[in-house]
Amino acid sequence: QVQLVESGGGLVQAGGSLRLSCAASGSILRTNVMGWYRQAPGKQRELVADITSGGNANYADSVKGRFTVSRDSGKNTVYLQMTSLKPEDTAVYYCNVHLLTTTLIARMYWGQGTQVTVSL
């Protein structure tokens, strides 16, 4: 009964910015690690950034200094602020959330994916 809804993807020119949002809703007691993965055609899925419940963030080397992950635990929402976008950032971005349900079960959920396309 948990749903993750992603938003914020789209088409942007190189050097531009986008902000992705992912909101978890349903029978959630607490969210733990929340983050973003991406997958481009012909490439493996890779971790972009994640953030712990305590606010400690981790980034892929390719996005350090350009992307910022943040969260609003009260809203069970994680954000990815992307700046200085490059064509190689083009991918489907997936939200990933580890949480504890109201029935005290630890589970992991994936968002539906949102397309980010960076043009020249």
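For the structure, see preceding data.
What this report covers is the structure whose coordinates are included nearby. Within each chain, residues carry numbers counting from 1 in the order of the written sequence. With pLDDT at 70 or above as the cut-off, local features in this predicted model cover only qualifying residues; side-chain atom pairs require 80 or more to be listed or tallied, and sums for whole chains, interfaces and linings still use all residues. In computing side-chain values, all of the structure's heavy atoms are included and hydrogens and water are not.

Brief notes about the overall build of the protein
(1) Moving on: In this text, helices come from DSSP runs of H or I with a minimum length of four residues, and strands from runs of E with a minimum of two, each type numbered from the N-terminal end. A tally of regular secondary structure across the protein gives 0 helices and 11 strands.
(2) Moving on: For the protein, the α and β elements follow one another from N to C terminus as β-β-β-β-β-β-β-β-β-β-β.
(3) Moving on: The C-alpha atoms of the protein give a radius of gyration of 14 Å, which matches the 14 Å a tight globule of 120 residues would have.
(4) Moving on: Reported as C-alpha extents along the three principal axes, the dimensions of the protein are approximately 50 × 25 × 25 Å.
(5) Moving on: Two residues form a contact once any of their heavy atoms are found within 4.5 Å. Of the contacts made within the protein by residues no fewer than 6 positions apart, 55% connect residues no fewer than 24 positions apart.
(6) Moving on: Using a 1.4 Å probe, accessible areas were evaluated by the Shrake-Rupley method; residue-level cover was limited to the displayed protein chains. For the protein, the exposed area adds up to about 6300 Å²; of that, 49% sits on carbon and sulfur atoms. Taken over C-alpha atoms, the radius of gyration is set against a globule rule of 2.2 Å times the number of residues to the power 0.38.

Notes on the environment of Arg-107
(1) Moving on: Note that Arg-107 resides in strand β10 (residues 106–110).
(2) Moving on: For the pair Arg-107 and Leu-85, spaced 22 residues apart in sequence, the C-alpha to C-alpha distance is 32 Å.
(3) Moving on: Apart from residues no more than four positions distant in its own chain, Arg-107 is found in contact with Val-97, His-98, Leu-99 and Thr-101.

Here we look at the pairing of β10
Residues in a regular strand point their side chains to alternate faces of the sheet.
(1) Moving on: Here strand β9 (residues 91–101) runs beside β10; their pairing, made up of 5 bridges, is antiparallel. Within β10, the residue paired with Leu-99 across the bridge is Arg-107.
(2) Moving on: When DSSP finds at least two bridges between two strands, those strands are taken to pair. In sequence, β9 turns back onto β10 through a hairpin of 4 residues, with Leu-104 there showing a positive phi of about 65°.

With respect to the nonpolar core
(1) Moving on: Put simply, a nonpolar core is a bunch of buried Ala, Val, Leu, Ile, Met, Phe, Trp, Tyr and Cys residues held in one set by side-chain atoms that sit within 4.5 Å of each other. Between buried and exposed lies partly exposed: a residue is buried under 20% and exposed over 50% of the maximum accessible area for its type, with that area taken using a 1.4 Å probe on protein chains only. Membership of the largest hydrophobic core comes to 30 residues, with the highest contact counts inside it found for Trp-36, Leu-80, Met-82 and Tyr-93.
(2) Moving on: At the level of elements, β3 (18–25), β4 (28–39), β5 (46–51), β7 (67–72), β8 (77–82), β9 and β11 (114–119) are the ones that each hand at least two residues to this core.
(3) Moving on: For this core, the element with the most residues is β9, which contributes 5 residues.
(4) Moving on: Other than its neighbours up to four places away in sequence, Tyr-93 contacts Glu-6, Leu-20, Trp-36, Tyr-37, Arg-38, Val-48, Phe-67, Leu-80, Met-82, Gly-113, Thr-114 and Val-116.

Remarks on the pairing of β3
(1) Moving on: Note that strand β1 (residues 3–7) and β3 share 5 bridges and pair antiparallel. By the bridge assignment, Gln-3 is partnered in β3 with Ser-25.
(2) Moving on: Note that β3 and β8 share 6 bridges and pair antiparallel. Residue pairing in the sheet places Arg-19 in a bridge with Gln-81 of β8.

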